[in-house]
Amino acid sequence: MSLSTAMSKDTVSSTPMVSTAEDPRWHAIVRRDISQDGAFVYAVRTTGIYCRPGCPARLAKPENVTFHTTCAEAERAGFRACLRCRPDTISLATQQVARVAEACRIIETTENLPSLKTLADAVAMSPFHFHRIFKATTGVTPSAYGRAHRAKRVRDRLSEGSASVTEAIYDAGFNSNGRFYAASDQMLGMTPTVFRAGGPDTTIHFAIGECSLGSILVAQSLKGICAILLGDDPDQLARDLQDRFPKADLMGGHRGFEAIVASVVGLVDGPATALDLPLDVRGTAFQQQVWQALRDIPVGSTASYAEIARRIGLPQAVRAVARACGANTIAVAIPCHRVVRTDGALSGYRWGVQRKRALLDKEAAATIERTDAP
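The model shown is predicted, which means the values in this text are computed figures rather than measured ones.

The rules we used
- Residues numbered from 1 in each chain as written.
- Predicted model: local features only at pLDDT ≥ 70, side-chain atom pairs only at ≥ 80, totals over all residues.
- Heavy atoms only, no water.
- Helix = DSSP H or I, 4+ residues; strand = E, 2+ residues; numbered from the N terminus.
- Buried < 20%, exposed > 50% of the residue type's maximum accessible area, 1.4 Å probe, protein only.
- Polar contact = N/O pair within 3.5 Å; in protein donor to acceptor, adjacent residues only side chain to side chain.
- Axes fitted to C-alpha atoms, helices over the stretch in contact; angles between N-to-C directions.
- Parallel < 35°, antiparallel > 145°, perpendicular 65-115°, else oblique.
- Contact = heavy atoms within 4.5 Å.
- Nonpolar A, V, L, I, M, F, W, Y, C, P; charged D, E, K, R; others polar.
- Pairing = 2+ DSSP bridges.
- Salt bridge = Lys/Arg side-chain N within 4 Å of Asp/Glu carboxyl O.
- Expected span 1.5 Å × (residues − 1).
- Core = buried A, V, L, I, M, F, W, Y, C linked by side-chain atoms within 4.5 Å.
- Phe/Tyr/Trp six-rings, centres within 6.5 Å; stacked < 30°, edge-to-face > 60°.
- Lys, Arg positive; Asp, Glu negative; His and termini not counted.

*Asks:* Could you give an account of the side chain of threonine 66, with specific residues and numbers?
*Replies:* The topology assignment puts threonine 66 in strand 3 (residues 65–68). Under the relative-accessibility criterion, threonine 66 is labelled buried at 2%. Polar side-chain contacts of threonine 66 include one of 3.0 Å to the side chain of histidine 68.

This is the structure in structure tokens:
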């Protein structure tokens, strides 16, 4: 079978009904986006070669390019693998992810945080290169990852209730009480004693109302809005809040709290408005970077996970960005609903994809109204 004949048969099934230059996959090729390696390959008619999206070879003309889901599909169409990017082998990015995963396992199973050189030697990389790849993949440095894991150990030990605070701190790998207490508020949101007891003396005011998307719970700590939850069952929303701090002092909204709830509902139903209320945002440094980038997305606009990763200076941390979006518990005010897949399709949303679509539609309509206003 000739190359042109094979091409014509395969192109019908592999090329969408849009021009190549308009296809999101073409834009990934232009950017040489290695995060898309493995998602598809592209073939060049004039050379008979297929490549990864991140191949550094000279860019082909879009009219000579076809897209294929797998290497096998491209080869059935008569193309051969590029000798430069070797799309038929495990990609460099995949190899790097595997090495970073191994380093994470070492950090998680070692009592004391290994040095950068020890970790780099364990995965056969230079310390400088390993540090750069680790941060690009996970969104944090190896030392920050180690601190976060130790914090998780403390939370788990304190939640068990069988260890004293001091035992939990040392079991988690902290060398002194002082070093832990200096960072305890950021890691736990309160002192370890209060955390271990389930949050007593922690006062959270909350109220549940109704909006166009169903039930909505708004909770406020002394620092600001700490949760905006959406759902169909008001009782379940209250249980979700209570599960976070089972012994916290959850109180119905104080005088004036109705105005706070109304402001949040207004943000849902009238997205052109702004929420002029402080937020109590707790998360890792990386999560807070992502959440701030989300708040910078204008009303009526969207951004892909890859775009957010680039905006925070970590272009390879696409999956970590997606996880940070999923960890957001302050709906709408931190607009994780404005993040979509690279092809524009909606992905998962903590409160349901239908609500995500409804929010985007409301924002798009509000943007059109502002544009048409005299």
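*Asks:* Give me the packing of helix 13 (residues 285–295) against helix 15 (residues 318–327): which residues, what numbers.
*Replies:* Between helix 13 and helix 15, the least distance of the axes is 9 Å, while the angle of their chain directions is 80°. With respect to each other, helix 13 and helix 15 are oriented roughly perpendicular. Contact residues: helix 13 offers Phe286, Gln287, Val290, Trp291 and Leu294, while helix 15 offers Ala320, Val321, Ala324, Cys325 and Ala327. The residue makeup of the contact of helix 13 with helix 15, split by class, is nine nonpolar, one polar and no charged.

*Asks:* I'd like to hear about the sheet that holds strand 1 (residues 41–44), residue by residue, with values.
*Replies:* Overall, mixed pairing links the four strands, which are arranged 3-1-2-4 in an open sheet. In this open sheet, the two edge strands, each paired with only one partner strand, are strand 3 and strand 4 (80–81). Here strand 1 pairs with strand 2 (residues 49–51) via three bridges, running antiparallel. Among the inter-strand pairings, tyrosine 42 is bridged to a residue of strand 2, identified as cysteine 51.

*Asks:* Could you give me a rundown of the sheet that holds strand 6 (residues 214–220), with the residues and numbers involved?
*Replies:* Reading across from one edge, 7-6-5-8 is the order of the four strands in this open sheet, with mixed pairing throughout. Looking at the sheet topology across the chains shown, the edges are occupied by strand 7 (225–231) and strand 8 (249–252). Within this sheet the neighbouring strands show an average axis-to-axis angle of 25°, counted without direction. Summarising the sheet, strand 5 (residues 203–211) and strand 6 pair through seven bridges and their orientation is antiparallel. The residue of strand 6 that forms the bridge with glutamate 210 is serine 215.

*Asks:* Outline the pattern of salt bridges, supporting the account with residue identities and numerical values.
*Replies:* One side chain can pair with another of opposite charge once the charged atoms of both are near each other. One pass over the full model with this rule turns up nine salt bridges. With a shortest N-O distance of 3.6 Å, aspartate 343 and arginine 341 are connected by a salt bridge. The class of aspartate 343 is partly exposed, set by a relative accessible area of 45%.

*Asks:* Break down helix 6 (residues 127–138) for me, citing the residues and quoting the values.
*Replies:* In this model helix 6 runs 16 Å from its N-terminal to its C-terminal C-alpha over 12 residues, within 8% of the 16 Å that 1.5 Å per residue would give. Within two residues after helix 6, glycine 139 carries a phi angle of roughly 90°, on the positive side.

*Asks:* Which residues make up the nonpolar core, and what values go with them?
*Replies:* Ile216, Phe286, Val290, Leu294, Ile308 and Val321 are the most contacted members of the largest nonpolar core, which totals 56 residues. Secondary structure elements with two or more residues in this core: strand 5, strand 6, strand 7, helix 11 (234–244), helix 12 (257–269), helix 13, helix 14 (305–311) and helix 15. What leucine 294 contacts, discounting residues up to four positions off in sequence, is Ile308, Cys325, Ile334, Pro335, Cys336, Arg338 and Val339. Formed by 14 residues, the second largest nonpolar core is a distinct cluster that contains Ala28, Ile29, Tyr42 and Cys85.

*Asks:* Tell me about the packing of aromatic side chains, and name the residues and values.
*Replies:* Counted according to the given criterion, the structure contains four aromatic pairs. Between tyrosine 349 and tryptophan 351, the aromatic rings sit 5.5 Å apart at their centres with planes inclined by 70°, giving edge-to-face as the arrangement. Note on accessibility: tyrosine 349 and tryptophan 351 belong to one class, buried. Grouping aromatic residues by their ring pairs yields a cluster made of Phe130, Phe134 and Tyr145.

*Asks:* Give a detailed account of the environment of proline 335, specifying residues and quantitative values.
*Replies:* Structurally, proline 335 is set in the loop between helix 15 and strand 10 (339–340). Counting along the chain gives 24 residues from proline 335 to leucine 359, while the straight-line C-alpha distance between them is 9.5 Å.

*Asks:* Explain the pairing of strand 1 to me, using residue names and the numbers behind them.
*Replies:* Regular strands place their side chains on alternate faces of the sheet. The alternating pattern of strand 1 places Val41 and Ala43 on one face and Tyr42 and Val44 on the opposite face, and all of these are buried. Pairing analysis gives four bridges linking strand 1 to strand 3, with the strands arranged antiparallel. Within strand 3, the position partnered with alanine 43 by the bridge is threonine 66. Connecting strand 1 to the antiparallel partner strand 2 that follows it, the hairpin turn spans four residues, and glycine 48 within it adopts a positive phi of roughly 75°.

*Asks:* Quick rundown of the pairing of strand 7? Include the residues and the values.
*Replies:* Counting buried positions over the seven residues of strand 7 gives seven, a clear majority of the element. Direction of pairing for strand 6 relative to strand 7: antiparallel, over a ladder of six bridges. Residue pairing in the sheet places valine 218 in a bridge with isoleucine 228 of strand 7. A loop of four residues connects strand 6 with strand 7, the two strands running antiparallel in sequence, and glycine 224 in this loop sits at a positive phi of about 150°.

*Asks:* Give me the lowdown on the side chain of arginine 52, citing residues and values where you can.
*Replies:* By secondary structure assignment, the location of arginine 52 is in the loop between strand 2 and strand 3. Lacking a salt bridge, the buried arginine 52 has aspartate 37 as its closest oppositely charged neighbour, with an N-O distance of 4.7 Å. Reaching out from arginine 52, the side chain makes a polar contact with the backbone oxygen of threonine 89 at a distance of 2.7 Å.

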